[in-house]
Amino acid sequence: MVDTLGLLLGVMVTAADTGDRTAAHVLLGQVADVHHRLELVWADGGYTGGLIAYCLATLALVLAIVKRSDDMRGFVVLPKRWIVERFFAHLMRTRRLVRDFERRTASAEAMVYWSMTLLMTRRLARPGPGRG
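Quick caveat, the model's predicted, so the values are computed rather than measured. (Residues numbered from 1 in each chain as written. Predicted model: local features only at pLDDT ≥ 70, side-chain atom pairs only at ≥ 80, totals over all residues. Heavy atoms only, no water.)

Undergrad: Residues and numbers for the overall build of the chain, please.
TA: Check the secondary structure of the chain and you find 5 helices and 2 strands. Reading the secondary structure of the chain in the N-to-C direction produces α-β-α-β-α-α-α. Taken over the C-alpha atoms alone, the chain extends approximately 45 × 40 × 35 Å along its principal axes. Classification of the 132 residues of the chain by burial places 27% in the buried group. For the chain, the proportion of contacts with a sequence separation of at least 24, taken over those separated by at least 6, is 46%. Summed over all atoms, the accessible surface of the chain reaches about 9,400 Å², with 57% contributed by carbon and sulfur. When the 18 positive and 12 negative side-chain charges of the chain are each reduced to one mean point, those points stand 9 Å apart. (Helix = DSSP H or I, 4+ residues; strand = E, 2+ residues; numbered from the N terminus. Buried < 20%, exposed > 50% of the residue type's maximum accessible area, 1.4 Å probe, protein only. Contact = heavy atoms within 4.5 Å. Areas by Shrake-Rupley, 256 points an atom, 1.4 Å probe, with all protein chains shown as cover. Lys, Arg positive; Asp, Glu negative; His and termini not counted. Charge placed at Lys NZ, Arg CZ, Asp CG, Glu CD.)

Now the structure itself:
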């Protein structure tokens, strides 16, 4: 789960037999506990169903589904979806995350945190307007 800048809010790596919607219940709860100002979450069409009602009733979060229109043909950039895709692209620049080398979900999560730490320190070290 990332914010609108593409920075990591939370990560959960699960076994292949765990569905995304099931894991989303746990991850959204963990992120909502830590980030109290979180009000709106964008997700793709795979997170529809009871998860929307669960977020609103239990976590006081609005879960907005970003869907692709039926009349669109070919590649189309979806609003807000590019933020997550950019995050995935960054993860794929980390050699160890390109393939599933990890045997444990905890070590795979640690590799995601490590990769994001590299990205965030690069952004902090880069001189920006008024910093150099």
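Undergrad: Give me the lowdown on a positive patch on the surface, citing residues and values where you can.
TA: A cluster of basic residues, Arg 86, Arg 93, Arg 122, Arg 123 and Arg 126, forms a positive patch at the surface. As for its placement among the helices and strands, Arg 123 is situated in helix α5 (residues 105-125). (Patch = residues over 30% accessible without salt bridge, like charges linked within 9 Å, V, L, I, M, F, W, Y side chains within 5 Å. Salt bridge = Lys/Arg side-chain N within 4 Å of Asp/Glu carboxyl O.)

Undergrad: Go over α5 with me, naming the residues and quoting the values.
TA: The terminal C-alpha atoms of α5 lie 30 Å apart, and with 21 residues this matches the ideal 30 Å at 1.5 Å per residue to within 8%. Ala 108, Met 111, Val 112, Ser 115, Met 116 and Leu 119 are the residues of α5 that are buried. One face of α5 carries all of its buried residues, which in axial projection span an arc of 130°. Those residues of α5 that are exposed and angled more than 90 degrees off the buried face are Ala 106, Leu 124 and Ala 125. In this fold, the buried residues of α5 make contact with α3 (81-92) and α4 (95-98). (Expected span 1.5 Å × (residues − 1). Arc of directions from axis to C-beta.)

Undergrad: I'd like to hear about the side chain of His 90, residue by residue, with values.
TA: Of note, His 90 is situated in helix α3. In this structure His 90 comes out as buried when scored by relative accessible area, which is 4%. Ignoring sequence-local partners within four residues, the contact set of His 90 consists of Ser 115, Met 116, Leu 119 and Arg 122.

Undergrad: How would you explain the packing of α3 against α5 if you had to name every residue and give the values?
TA: Viewed as axis vectors pointing N to C, α3 and α5 meet at an angle of 100°, and their least axial separation amounts to 10 Å. Overall, the two elements α3 and α5 adopt an arrangement that is roughly perpendicular. Listed contacts from α5 to Phe 87, His 90 and Leu 91 of α3 are Val 112, Ser 115, Met 116, Leu 119 and Arg 122. By residue class, the composition of the contact of α3 with α5 is 5 nonpolar, 2 polar and 1 charged. (Axes fitted to C-alpha atoms, helices over the stretch in contact; angles between N-to-C directions. Parallel < 35°, antiparallel > 145°, perpendicular 65-115°, else oblique. Nonpolar A, V, L, I, M, F, W, Y, C, P; charged D, E, K, R; others polar.)

Undergrad: For the nonpolar core, give the residues involved together with the corresponding values.
TA: Core analysis: the largest hydrophobic core is formed by 12 residues, namely Val 2, Leu 7, Leu 8, Val 11, Ile 83, Phe 87, Leu 91, Leu 97, Met 111, Val 112, Met 116 and Leu 119. Elements supplying a minimum of two residues to this core: α3 and α5. Examining the composition of this core, we find that 4 residues originate from one element, α5, more than from any other. Those residues in contact with Ile 83 that sit more than four places away from it in its chain are Val 2, Asp 3, Thr 4 and Gly 6. (Core = buried A, V, L, I, M, F, W, Y, C linked by side-chain atoms within 4.5 Å.)

Undergrad: Can you lay out the packing of helix α1 (residues 20-34) against helix α2 (residues 50-59) for me, pointing to particular residues and giving the numbers?
TA: One way to put it is that α1 packs onto α2 with a least axis distance of 11 Å and a crossing angle of 25°. Taken together, α1 and α2 sit at an angle that is classed as roughly parallel. Considering the relative orientation of α1 and α2, their crossing is right-handed. In this structure, α1 contributes Arg 21, Ala 24, His 25, Leu 28, Gly 29 and Ala 32 to the contact, and α2 contributes Leu 51, Tyr 54, Cys 55 and Leu 59. Tallied by class, the residues present in the contact of α1 with α2 amount to 7 nonpolar, 2 polar and 1 charged. (Left-handed = near helix turned anticlockwise from the far one by under 90°.)

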